[in-house]
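Structural description and commentary
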Amino acid sequence: MSLKAGIVGLPNVGKSTLFNAITKKNILAANYPFATIDPNVGIVTVPDERLAKLEEMYVPERMIATSYEFTDIAGLVKGASLGEGLGNKFLSHIREVDAIVEVVRCFDDNNIIHVENSVDPIRDIEIINLELSLSDLEILNNRIDKIKKKAETNRDKEALEELNILKKAKENLEKNIPLRLIDFSEDERSVLNNFSFLTIKPIIYLANVDENEVAGEDNEYVKKVKEYASRENSKVIKMCAKLESELSELNDDDKKEMLNAIGIEESGLDLLIKETYDLLGLKTFFTVGSDEVRAWTFKDGMSAKSCAGIIHSDFERGFIKAEVMSYEDLIKYGSEQKVKENGRARLEGKDYIMQDGDICYFRFNV
């Protein structure tokens, strides 16, 4: 599953510090704009307490968690759609990701430069979202100009359908409504997916706060971000990127102790990874045994046969059946044998839609 999330934001809002924490890589995180010029890509492991339970039950030789990619993208500035800052290079990097994590600064610190010379997370969000919209509008206008004659003069059916869809997208963008909030049909989305529009990508807002404000009541900046996000049904994760970078250097016990001392149950980073995984429409199935317990990522709605292909193309090509039980049933009954005795194990065919937490053994023949 080669899906990835991109971390975006204005310069110096904490993107690279967050990325350091995510991947435990020492990439450049400097106090000046464009410290990150080329996108840095890292693989993140998805925290999943179910794996620990399965490891206890099967005592495998190895355990492999599921993962996906995070990309740290250079800081955007006002006018990027017109070539300001890193301009189109920045925007092209965002086109390559499947979901966006938009980092906004929600704390005051005179020692950290802000490219707009003041802290205002809503202004920052609107700068970024406007640049993404302007970039999408440019693509829409170019495409509309290209197919308009073919659609209206030649009455080409496919071109007319595409033109109407593009006009619908344009009209909404001109009203400052991002494409992700528009109620497109499946066929309409299929057409729009050909253009890698930026505002159609799902988004999470990350409110980067001071370490003294991680626990307890939200500050005024965070409240404003949450109010803004609620209007478009987007989620907000509050965290301190600097603190998360420090936590990422600790072992599990020390990390837990530090979280308890701060007064929070789960690190913001773990929460972000889980929420982004969900935002990407990703789910997890498991394969288990004494040699290996492994989590596998699949896209919500995939069939058993397609999921078998995630493990190996031969599994999909020669698919016969999938032996399936749920994680919940395995924990409830305590063993595979007990699950079977209680009639909760089943054989599923190639069209079975996989569910999160399914534990599978694929029968195949090639």
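Residues numbered from 1 in each chain as written. Predicted model: local features only at pLDDT ≥ 70, side-chain atom pairs only at ≥ 80, totals over all residues. Heavy atoms only, no water.

All right, on to a negative patch on the surface then. A surface patch of like charges, here negative, comprises Glu158, Glu161, Glu186 and Asp187. Among the secondary structure elements, those contributing two or more residues to the negative patch are α5 (157–174) and α6 (186–192). With respect to the secondary-structure elements, glutamate 186 resides in helix α6. Judged by relative accessible area, glutamate 186 falls into the exposed class, the value being 71%. (Patch = residues over 30% accessible without salt bridge, like charges linked within 9 Å, V, L, I, M, F, W, Y side chains within 5 Å. Areas by Shrake-Rupley, 256 points an atom, 1.4 Å probe, with all protein chains shown as cover. Salt bridge = Lys/Arg side-chain N within 4 Å of Asp/Glu carboxyl O. Lys, Arg positive; Asp, Glu negative; His and termini not counted. Charge placed at Lys NZ, Arg CZ, Asp CG, Glu CD. Helix = DSSP H or I, 4+ residues; strand = E, 2+ residues; numbered from the N terminus. Buried < 20%, exposed > 50% of the residue type's maximum accessible area, 1.4 Å probe, protein only.)

Moving on, we come to the pattern of salt bridges. If you walk through the whole model with that rule in mind, you get 26 salt bridges. A salt bridge links lysine 170 to glutamate 174, with the nearest nitrogen and oxygen atoms 4.0 Å apart. Taken together, the residues span about one helical turn, with lysine 170 and glutamate 174 both in helix α5 at a distance of 4 residues. The exposure class assigned to lysine 170 is partly exposed, which follows from its relative accessible area of 23%. Its salt-bridge partner being aspartate 314, residue arginine 317 comes within 2.7 Å of it at the nearest N-O pair. Linking arginine 317 with aspartate 314, this pair stays in helix α12 (residues 313–317), spanning 3 residues, or about one helical turn.

Helix-helix packing: each pair is described by the crossing angle between the helix axes and the interaxial distance. Where helix α4 (residues 121–153) contacts helix α7 (residues 220–230), the axes come no closer than 9 Å and their chain directions differ by 40 degrees. The orientation of α4 with respect to α7, classified from their angle, is oblique. On α7, the residues touching Pro121, Ile122, Ile125, Glu126 and Asn129 of α4 are Tyr221, Lys224, Val225 and Tyr228. Along the lines of polarity and charge, the residues of the contact of α4 with α7 split into 6 nonpolar, 1 polar and 2 charged. (Axes fitted to C-alpha atoms, helices over the stretch in contact; angles between N-to-C directions. Parallel < 35°, antiparallel > 145°, perpendicular 65-115°, else oblique. Contact = heavy atoms within 4.5 Å. Nonpolar A, V, L, I, M, F, W, Y, C, P; charged D, E, K, R; others polar.)

Counting residues in each nonpolar core, the largest one holds 58 residues, and the members touching the most others are Leu18, Tyr68, Phe70 and Leu272. Beyond its immediate chain neighbours, meaning those up to four positions away, phenylalanine 70 contacts Ala5, Ile7, Phe19, Ile22, Asn40, Val41, Gly42, Val44, Val101, Leu272, Ile273 and Thr276. Listed in part, the 19 residues of the second largest apolar core include Ala159, Ala169, Ile182 and Phe197. (Core = buried A, V, L, I, M, F, W, Y, C linked by side-chain atoms within 4.5 Å.)

This next bit is on the environment of asparagine 176. Following the sequence through the fold, asparagine 176 ends up in the loop between α5 and α6. According to the relative accessible area criterion, asparagine 176 is exposed, its value standing at 56%. With 47 residues separating them in the primary sequence, asparagine 176 and asparagine 129 have C-alpha atoms 8.9 Å apart.

Here we take up the sheet that holds strand β1 (residues 4–8). Pairing is mixed across the open sheet formed by 6 strands, whose spatial order is β2-β4-β1-β5-β6-β7. A strand with exactly one partner marks an edge of an open sheet, and here the two such strands are β2 (40–45) and β7 (235–239). Sheet twist, expressed as the average angle between the axes of neighbouring strands with direction ignored, equals 25 degrees. In this structure, β1 lies alongside strand β5 (residues 99–105), joined through 4 bridges in parallel fashion. Counterpart to valine 8 in the pairing with β5 is glutamate 102. Helix α10 (residues 268–279) contacts β1, β2, β4 (67–72), β5, β6 (203–208) and β7 of the sheet and is inclined by roughly 160 degrees relative to β7. (Pairing = 2+ DSSP bridges.)

With 7 of 7 residues buried, β5 is to be regarded as a mostly interior element. Burial along β5 is two-sided: the residues Ala99, Val101, Val103 and Arg105 and Ile100, Glu102 and Val104 are all buried.

Moving on, we come to the confidence of the model for the protein chain. Confidence in the prediction for the protein chain averages 86 pLDDT; 89% of positions are at 70 or higher. Residue range residues 25–38 is modelled with pLDDT below 50. Its contacts to residues more than four positions away, or to other chains, number 39 contacts. Segment residues 83–87: pLDDT under 50, and 10 contacts once partners within four positions in sequence are set aside and those in other chains are kept. (pLDDT = per-residue confidence, 0-100.)

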